[in-house]
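Listed below, chain by chain, are the residues.
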Amino acid sequence: MRKTIYNFSAGPSMLPESALQAASVACIDFKNTGMSLMTMSHRTKPVMEMFAETESLIRDLLAVPANFKVMFLGGGASLQFAMAPMNLLPQDGIADYTDTGEWGAKAAKEAKAFGKINIAGSSKEASYIFLPKELKQTADAVYLHLTSNNTVFGSQWKTLPTPVNANGYQVVDMSSDIFSRPIDWTRIGMIYAGAQKNAGPAGVTLVIVREDILGKSGRTIPSMLDYAVHIKAESMFNTPPVFPVYVMNETLKWLKNLGGVAAMQVINERKASKLYAEIDRNRMFCGTVKTEDRSIMNLVFIFDPKVVPAEAKEAKEKEFLAFCKARSMETLAGHRIVGGFRASIYNAMPEAGVDALITAMQDFAKQNGVG
Ligand SMILES: Cc1ncc(COP(=O)(O)O)c(C=O)c1O
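Quick notes on the rules
- Residues numbered from 1 in each chain as written.
- Predicted model: local features only at pLDDT ≥ 70, side-chain atom pairs only at ≥ 80, totals over all residues.
- Heavy atoms only, no water.
- Near = heavy atom within 4 Å.
- Polar contact = N/O pair within 3.5 Å; in protein donor to acceptor, adjacent residues only side chain to side chain.
- Areas by Shrake-Rupley, 256 points an atom, 1.4 Å probe, with all protein chains shown as cover.
- Helix = DSSP H or I, 4+ residues; strand = E, 2+ residues; numbered from the N terminus.
- Buried < 20%, exposed > 50% of the residue type's maximum accessible area, 1.4 Å probe, protein only.
- Pairing = 2+ DSSP bridges.
- Domains from an automatic or database assignment.
- Contact = heavy atoms within 4.5 Å.
- Salt bridge = Lys/Arg side-chain N within 4 Å of Asp/Glu carboxyl O.
- pLDDT = per-residue confidence, 0-100.

Caption draft 1: Broad picture of the site of the ligand. Close to the ligand lie 13 residues; Ser78, Thr151, Asp173, Gln196 and Lys197 are nearest. Glutamine 196 is positioned with one of its side-chain polar atoms (N or O) 2.9 Å from an oxygen atom of the ligand. Surface burial for the ligand is 85%, taken as the share of its 400 Å² of free accessible area covered by protein chains. Broken down by element, the residue count for the shell around the ligand peaks at 4 residues, all from helix H3 (residues 76–88).

Caption draft 2: Representation of the pairing of strand E12 (residues 298–303). In terms of burial, E12 is a largely internal element, 5 of the 6 residues being buried. With 3 bridges connecting them, strand E11 (residues 285–287) and E12 associate as antiparallel partners. By the bridge assignment for E12, glycine 287 is matched with phenylalanine 301. Across 4 bridges, E12 lies against strand E14 (residues 341–344) in antiparallel orientation. Of the residues in E14, the one forming a bridge with phenylalanine 301 is phenylalanine 341.

Caption draft 3: Spotlight on the domain arrangement of the protein chain. You can read the domains of the protein chain as domain 1 (17–257) and domain 2 (260–367). Look at where the C-alpha atoms of domain 1 and domain 2 centre, and you get two points 28 Å apart. Taken together, the contact between domain 1 and domain 2 spans 27 residues of the former and 25 residues of the latter. At the junction of domain 1 with domain 2, the criterion picks out 2 salt bridges. With a shortest N-O distance of 3.1 Å, lysine 133 and glutamate 292 are connected by a salt bridge. For the pair domain 1 and domain 2, the number of links is 15 residue pairs in polar contact (both at pLDDT 80 or more).

Caption draft 4: Layout of the environment of valine 242. Position of valine 242 relative to the elements: it lies in helix H6 (residues 242–257). Taking C-alpha positions, valine 242 is 7.7 Å from leucine 37, a pair spaced 205 residues apart along the chain. Setting aside residues up to four positions removed in sequence, valine 242 forms contacts with Leu37, His42, Val47, Met50 and Phe51.

Caption draft 5: Structural detail: the confidence of the model for the protein chain. Scored by pLDDT, the protein chain comes out at a mean of 97, with 100% of its residues at no less than 70. Averaged pLDDT values over the elements of the protein chain bottom out at 97 in helix H8 (residues 310–325) and peak at 99 in strand E8 (residues 169–173).

Caption draft 6: A look at the pattern of salt bridges. Overall, the coordinates contain 24 salt bridges when judged by the stated rule. Between lysine 45 and glutamate 49 there is a salt bridge, and its shortest N-O distance comes to 3.1 Å. With lysine 45 and glutamate 49 both in helix H2 (residues 45–62) and 4 residues apart, the pair spans about one turn of that helix. For glutamate 49, a relative accessible area of 46% puts it in the partly exposed group. The partner of glutamate 314 in a salt bridge is lysine 318, with the nearest N and O atoms 3.8 Å apart. Within this pair, glutamate 314 and its partner lysine 318 are both found in helix H8, separated by 4 residues, close to a single helical turn. With respect to burial, glutamate 314 and lysine 318 carry one shared label: exposed.

Right, dumping it as C-alpha cells:
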C-alpha cells in the first residue's frame with residue numbers, strides 16, 4: 001500500500017484511483033491484447049473502440065447535443081486560444097472577450113492576430129477578485145469568449161453571460177471545471193478544455209464544437225489547425241494522444257459510476273462550502289474573491305493581514321505549507337501572482353482531503369495562539 005497523498009495542485013491534479021490502476025495495467029497489457037497501449041497503433045480495433053467509447057461517455061455525461069462534434073486534440077488549451085479564432089473569426093469580424101484572469105487575458109491576446117477583439121469586461125484593475133457582470137458587448141460580435149472557471153484567481157461563473165448578438169454564440173474555456181457540473185448548451189458554439197484537471201492527464205485537449213459555425217472564417221487554415229480536418233478524420237488525422245485518452249476514458253467511467261455530473265456537482269459544492277466556511281470562520285485566514293463569484297474548484301485564501309503582519313507573512317506561509325506537507329497535503333501554495341494558498345479540489349479530490357485541510361487550518365491557528 002502506498003501512502004495517501006492529498007494533492008491540491010491546480011493541474012495536473014488528482015485522478016481517480018480506479019483510473020490510475022487501469023492505466024497501470026494498460027501500460028503493460030491493454031485489454032488482454034498482450035500489448036502495451038503505448039505501443040498500439042491508433043488504427044487498431046481496440047484503440048478505435050476505446051476512442052468511440054470515450055466520445056460516447058462524454059456525450060452522455062455532458063448531454064452534448066447531436067449537432068456538436070467532439071475532438072481529442074494536442075497542444076493544450078493554450079493552442080485553442082489561437083485555434084478557436086483562426087477557425088471561427090473572419091479577419092474583418094469582431095469577437096468579445098472577457099478578461100477575468102490570467103487565462104482569459106492570454107486567450108484575448110492570441111485572438112488579436114485573427115480579427116478585431118473587444119474586451120467586453122475586465123476585473124484586472126481589481127486584481128481579478130470578482131467577475132465583471134456588466135459586459136459591454138458588441139452588437140455584431142461573432143462570439144463571446146468566456147473562461148468558466150478562473151484557475152489562478154479562484155473565481156467561477158455560476159451562470160455564463162449570454163451574447164447580445166442573437167446569432168452570436170459562447171466560446172468557453174472550461175479547462176478547470178469541465179465535468180464538475182452540467183452544461184447549458186443553449187448559446188454555446190464551442191467549448192474546450194485541457195484534460196489535466198477533471199478529465200485526465202496532460203496531453204489531450206477536449207474540443208466540442210457546433211458544426212454549423214465552421215467554414216466561415218474565410219481564411220486558409222493549415223490542416224493540423226483546422227477543426228473540419230480533425231472532425232473528418234475522427235481525431236486521427238495524425239497520431240493522437242492515445243494513452244491520455246484512455247485515462248480520460250477510465251476517469252469518465254468513474255464519474256459515470258458515481259452518478260454523473262449532477263451528482264458530482266452536489267459533492268463539489270459540499271466540499272467547497274465546508275472549506276469556505278472554515279476560511280471565513282478561522283481568524284487566521286481570509287478569502288480573496290468576492291463571495292458570489294467564488295470557485296468551487298480552486299479555493300484561494302491568504303493569511304488575514306490583521307493576524308499575520310506583512311513582515312511575518314512569507315515565513316509563516318512556508319511554515320503552514322510544511323505543516324500541511326507533514327500531514328500528506330501537497331501543492332497548497334498559491335499561484336506566484338497571487339501568493340497565499342490555493343486549494344484545488346477538483347472532482348477526484350476526496351472529501352477526506354478537504355476535511356484534512358480544514359483540521360490542519362484549525363490546528364495551525366491553535367498552534368499560533370489564534371482561537
Ligand atoms: C482555465 C485554463 N485555461 C487554459 C489553461 C492552459 O492549459 P494548457 O496548459 O493545457 O495549455 C489552463 C491551465 O491551467 C487553465 O487553467
